[in-house]
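# Fold and geometry: a report
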Amino acid sequence: MNASSVAAPATEAQQASSRPTIGVLALQGDVREHVAALTSCGAQPVLVRRASELASIDALVIPGGESTAISKLLEVFELLEPLRARLRAGMPAFGSCAGMILLASEVLDTRPDAQHLSGIDMTVRRNAFGRQVDSFETDLDFAGLDDGAIRAVFIRAPWVERAGDDVQVLATVPSGPFAGRIVAVRQGNVLATSFHPEVTGDLRVHRMFVDLVRAA
Ligand code: GLN
(Lines give C-alpha, C1' and ligand atoms only; values in the text may rest on other atoms or scores of the structure.)
Protein backbone atom coordinates (compact mmCIF):
# COMPACT_ATOMS: atom_id res chain seq x y z
CA MET A 1 0.00 0.00 0.00
CA ASN A 2 1.49 3.35 -0.96
CA ALA A 3 1.34 6.59 1.00
CA SER A 4 -1.53 8.13 -0.97
CA SER A 5 -3.83 5.12 -0.52
CA VAL A 6 -3.42 5.21 3.27
CA ALA A 7 -3.84 8.97 3.35
CA ALA A 8 -7.21 8.96 1.54
CA PRO A 9 -9.39 7.30 4.22
CA ALA A 10 -8.02 9.64 6.91
CA THR A 11 -9.03 12.64 4.85
CA GLU A 12 -12.53 11.23 4.39
CA ALA A 13 -12.81 10.62 8.11
CA GLN A 14 -11.72 14.17 8.82
CA GLN A 15 -14.30 15.50 6.38
CA ALA A 16 -17.03 13.40 7.95
CA SER A 17 -16.27 14.68 11.44
CA SER A 18 -16.10 18.30 10.29
CA ARG A 19 -19.43 17.90 8.46
CA PRO A 20 -21.36 15.58 10.75
CA THR A 21 -24.57 13.94 9.59
CA ILE A 22 -27.33 15.20 11.85
CA GLY A 23 -30.79 13.72 11.67
CA VAL A 24 -33.83 15.94 12.10
CA LEU A 25 -36.83 14.00 13.38
CA ALA A 26 -39.34 14.76 10.63
CA LEU A 27 -42.65 13.45 11.97
CA GLN A 28 -44.20 16.83 12.82
CA GLY A 29 -43.06 20.35 13.72
CA ASP A 30 -40.62 22.98 12.46
CA VAL A 31 -38.30 20.56 10.68
CA ARG A 32 -37.33 22.92 7.85
CA GLU A 33 -36.06 25.63 10.19
CA HIS A 34 -33.71 23.18 11.92
CA VAL A 35 -32.52 21.80 8.58
CA ALA A 36 -31.68 25.34 7.43
CA ALA A 37 -29.86 26.21 10.66
CA LEU A 38 -27.83 22.98 10.63
CA THR A 39 -26.87 23.49 7.00
CA SER A 40 -25.70 27.04 7.79
CA CYS A 41 -23.56 25.60 10.60
CA GLY A 42 -21.76 23.23 8.23
CA ALA A 43 -23.56 20.02 9.20
CA GLN A 44 -25.22 17.58 6.81
CA PRO A 45 -28.88 17.35 7.90
CA VAL A 46 -30.98 14.31 6.98
CA LEU A 47 -34.67 13.76 7.65
CA VAL A 48 -35.49 10.87 9.98
CA ARG A 49 -38.83 9.08 9.79
CA ARG A 50 -37.79 5.43 9.93
CA ALA A 51 -35.73 3.44 12.42
CA SER A 52 -33.44 2.32 9.58
CA GLU A 53 -32.50 5.97 9.01
CA LEU A 54 -30.99 6.18 12.49
CA ALA A 55 -28.02 4.06 11.41
CA SER A 56 -26.47 6.82 9.30
CA ILE A 57 -26.75 9.73 11.73
CA ASP A 58 -24.16 11.05 14.18
CA ALA A 59 -26.73 13.03 16.17
CA LEU A 60 -30.41 13.98 16.20
CA VAL A 61 -32.43 17.18 16.44
CA ILE A 62 -36.01 16.96 17.70
CA PRO A 63 -37.90 20.03 16.48
CA GLY A 64 -40.53 22.18 18.08
CA GLY A 65 -44.10 21.27 17.32
CA GLU A 66 -46.59 19.33 19.40
CA SER A 67 -45.04 16.80 21.73
CA THR A 68 -48.07 14.52 22.09
CA ALA A 69 -48.45 14.35 18.30
CA ILE A 70 -44.74 13.55 17.90
CA SER A 71 -45.05 10.98 20.71
CA LYS A 72 -47.95 9.27 18.92
CA LEU A 73 -46.04 9.24 15.62
CA LEU A 74 -42.90 7.86 17.32
CA GLU A 75 -45.05 4.90 18.35
CA VAL A 76 -46.71 4.53 14.94
CA PHE A 77 -43.35 4.65 13.13
CA GLU A 78 -41.79 2.27 15.70
CA LEU A 79 -39.07 4.76 16.51
CA LEU A 80 -39.48 4.97 20.26
CA GLU A 81 -37.29 2.06 21.35
CA PRO A 82 -34.61 2.50 18.64
CA LEU A 83 -34.30 6.17 19.61
CA ARG A 84 -34.11 5.39 23.33
CA ALA A 85 -31.39 2.86 22.56
CA ARG A 86 -29.33 5.36 20.54
CA LEU A 87 -29.64 7.94 23.32
CA ARG A 88 -28.61 5.38 25.94
CA ALA A 89 -25.59 4.58 23.76
CA GLY A 90 -24.56 8.25 23.86
CA MET A 91 -25.86 9.77 20.62
CA PRO A 92 -25.81 13.58 20.89
CA ALA A 93 -29.23 15.20 20.61
CA PHE A 94 -30.81 18.63 20.69
CA GLY A 95 -34.49 19.28 21.32
CA SER A 96 -36.28 22.62 21.10
CA CYS A 97 -39.62 23.13 22.85
CA ALA A 98 -41.64 20.00 22.00
CA GLY A 99 -38.20 18.43 21.47
CA MET A 100 -37.25 19.35 25.04
CA ILE A 101 -40.43 17.69 26.30
CA LEU A 102 -39.59 14.52 24.38
CA LEU A 103 -36.05 14.43 25.76
CA ALA A 104 -37.27 14.59 29.37
CA SER A 105 -37.28 11.70 31.84
CA GLU A 106 -40.57 12.92 33.32
CA VAL A 107 -43.28 15.17 31.86
CA LEU A 108 -45.98 17.02 33.79
CA ASP A 109 -49.29 18.24 32.31
CA THR A 110 -49.24 15.94 29.34
CA ARG A 111 -51.52 13.14 28.16
CA PRO A 112 -51.33 9.99 30.27
CA ASP A 113 -50.34 7.96 27.22
CA ALA A 114 -47.61 10.38 26.04
CA GLN A 115 -44.15 8.85 25.68
CA HIS A 116 -40.75 10.44 26.23
CA LEU A 117 -37.17 9.47 25.53
CA SER A 118 -35.34 10.12 28.83
CA GLY A 119 -32.31 11.70 27.16
CA ILE A 120 -31.90 14.13 30.07
CA ASP A 121 -32.59 13.51 33.76
CA MET A 122 -35.19 16.26 34.13
CA THR A 123 -38.84 16.88 34.85
CA VAL A 124 -40.42 19.17 32.27
CA ARG A 125 -43.76 20.91 32.64
CA ARG A 126 -45.56 21.15 29.34
CA ASN A 127 -47.32 24.45 28.38
CA ALA A 128 -45.87 25.85 31.61
CA PHE A 129 -45.95 29.53 30.60
CA GLY A 130 -49.65 29.39 29.75
CA ARG A 131 -51.69 29.19 26.59
CA GLN A 132 -50.76 29.95 22.98
CA VAL A 133 -51.65 33.63 23.55
CA ASP A 134 -49.10 33.79 26.37
CA SER A 135 -46.26 33.11 23.92
CA PHE A 136 -43.48 35.68 24.31
CA GLU A 137 -39.92 36.68 23.45
CA THR A 138 -37.09 37.75 25.72
CA ASP A 139 -33.31 38.15 25.77
CA LEU A 140 -31.44 35.49 27.71
CA ASP A 141 -27.92 34.93 28.93
CA PHE A 142 -26.93 31.48 27.70
CA ALA A 143 -23.93 29.76 29.31
CA GLY A 144 -21.16 29.04 26.85
CA LEU A 145 -22.33 31.47 24.16
CA ASP A 146 -20.18 34.50 23.41
CA ASP A 147 -21.37 37.81 21.98
CA GLY A 148 -24.11 38.62 24.43
CA ALA A 149 -27.69 37.65 25.13
CA ILE A 150 -29.71 35.48 22.81
CA ARG A 151 -33.22 36.35 21.62
CA ALA A 152 -35.48 33.56 22.81
CA VAL A 153 -38.90 32.89 21.27
CA PHE A 154 -41.27 30.95 23.53
CA ILE A 155 -44.32 29.42 21.83
CA ARG A 156 -46.57 27.63 24.30
CA ALA A 157 -43.32 26.53 25.83
CA PRO A 158 -42.37 24.10 28.58
CA TRP A 159 -39.96 24.78 31.42
CA VAL A 160 -37.67 22.49 33.37
CA GLU A 161 -39.18 21.98 36.78
CA ARG A 162 -36.46 19.65 38.09
CA ALA A 163 -32.93 19.28 36.73
CA GLY A 164 -30.99 16.20 37.87
CA ASP A 165 -27.59 16.44 39.54
CA ASP A 166 -25.72 15.82 36.28
CA VAL A 167 -27.72 18.40 34.35
CA GLN A 168 -26.13 21.76 33.62
CA VAL A 169 -28.52 24.72 33.56
CA LEU A 170 -27.60 26.89 30.55
CA ALA A 171 -30.29 29.57 30.75
CA THR A 172 -33.08 30.83 32.98
CA VAL A 173 -35.74 33.49 32.43
CA PRO A 174 -34.09 36.75 33.57
CA SER A 175 -37.04 38.76 34.88
CA GLY A 176 -40.80 39.11 35.13
CA PRO A 177 -43.33 36.66 36.59
CA PHE A 178 -41.32 33.64 35.43
CA ALA A 179 -37.89 34.87 36.57
CA GLY A 180 -35.54 32.02 37.41
CA ARG A 181 -37.41 29.35 35.45
CA ILE A 182 -35.00 26.97 33.72
CA VAL A 183 -35.28 27.12 29.93
CA ALA A 184 -32.06 25.58 28.59
CA VAL A 185 -30.13 22.56 29.86
CA ARG A 186 -27.40 20.15 28.90
CA GLN A 187 -26.54 16.70 30.16
CA GLY A 188 -23.48 15.23 28.48
CA ASN A 189 -24.08 15.56 24.76
CA VAL A 190 -27.80 16.18 25.00
CA LEU A 191 -29.05 19.74 24.81
CA ALA A 192 -32.58 21.11 25.22
CA THR A 193 -34.18 24.54 25.03
CA SER A 194 -37.73 25.62 25.91
CA PHE A 195 -37.48 28.18 23.14
CA HIS A 196 -36.83 28.03 19.39
CA PRO A 197 -33.30 29.06 18.32
CA GLU A 198 -34.21 27.74 14.85
CA VAL A 199 -36.60 30.63 14.13
CA THR A 200 -34.48 33.70 14.87
CA GLY A 201 -31.54 33.39 12.48
CA ASP A 202 -29.13 33.48 15.45
CA LEU A 203 -27.15 30.30 14.83
CA ARG A 204 -25.17 30.19 18.06
CA VAL A 205 -27.11 27.39 19.76
CA HIS A 206 -27.01 25.22 16.63
CA ARG A 207 -23.30 25.98 16.27
CA MET A 208 -22.77 24.93 19.88
CA PHE A 209 -24.59 21.68 19.13
CA VAL A 210 -22.71 20.98 15.90
CA ASP A 211 -19.40 21.64 17.70
CA LEU A 212 -20.46 19.23 20.44
CA VAL A 213 -21.30 16.60 17.78
CA ARG A 214 -17.91 17.11 16.13
CA ALA A 215 -16.17 16.65 19.48
CA ALA A 216 -18.24 13.55 20.40
N1 GLN B 1 -46.92 23.05 23.60
C2 GLN B 1 -46.22 22.17 22.72
C3 GLN B 1 -46.22 20.75 23.22
O4 GLN B 1 -46.80 20.43 24.17
C5 GLN B 1 -44.80 22.63 22.47
C6 GLN B 1 -44.81 23.92 21.71
C7 GLN B 1 -43.68 24.11 20.77
O8 GLN B 1 -42.91 23.21 20.42
N9 GLN B 1 -43.59 25.34 20.28
O10 GLN B 1 -45.61 19.92 22.63
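The structure under discussion appears in the preceding block.
Residues numbered from 1 in each chain as written. Predicted model: local features only at pLDDT ≥ 70, side-chain atom pairs only at ≥ 80, totals over all residues. Heavy atoms only, no water.

This brings us to helix 4 (residues 80-88). Buried residues of helix 4: Leu-80, Leu-83, Arg-84 and Leu-87, and no others. When helix 4 is viewed along its axis, its buried side chains cluster within an angular range of 100° and face the same direction. For helix 4, the secondary structure elements touched by its buried residues are strand 3 (59-62), helix 3 (67-76), strand 4 (93-96), helix 5 (98-103) and strand 12 (190-193). Looking one or two residues beyond helix 4, the residue adopting positive phi is Gly-90, at roughly 100°. (Buried < 20%, exposed > 50% of the residue type's maximum accessible area, 1.4 Å probe, protein only. Helix = DSSP H or I, 4+ residues; strand = E, 2+ residues; numbered from the N terminus. Arc of directions from axis to C-beta. Contact = heavy atoms within 4.5 Å.)

Further remarks concern the pattern of salt bridges. Within this structure, the stated rule accounts for 10 salt bridges. Among the ionic pairs, Arg-151 bridges to Asp-139, the shortest N-O distance being 3.2 Å. On the criterion of sequence distance, the pair formed by Arg-151 in strand 8 (residues 150-154) and Asp-139 in strand 7 (residues 136-140) is long-range, its members being 12 residues apart. Residue classification places Arg-151 among the partly exposed positions, given a relative accessible area of 37%. For the salt bridge of Asp-202 with Arg-204, the shortest nitrogen-to-oxygen distance reads 2.8 Å. Arg-204 matches Asp-202 in its accessibility class, with the two residues each being buried. Overlapping salt bridges, with partners in common, bring together Asp-109, Arg-125 and Glu-161 in one network. (Salt bridge = Lys/Arg side-chain N within 4 Å of Asp/Glu carboxyl O.)

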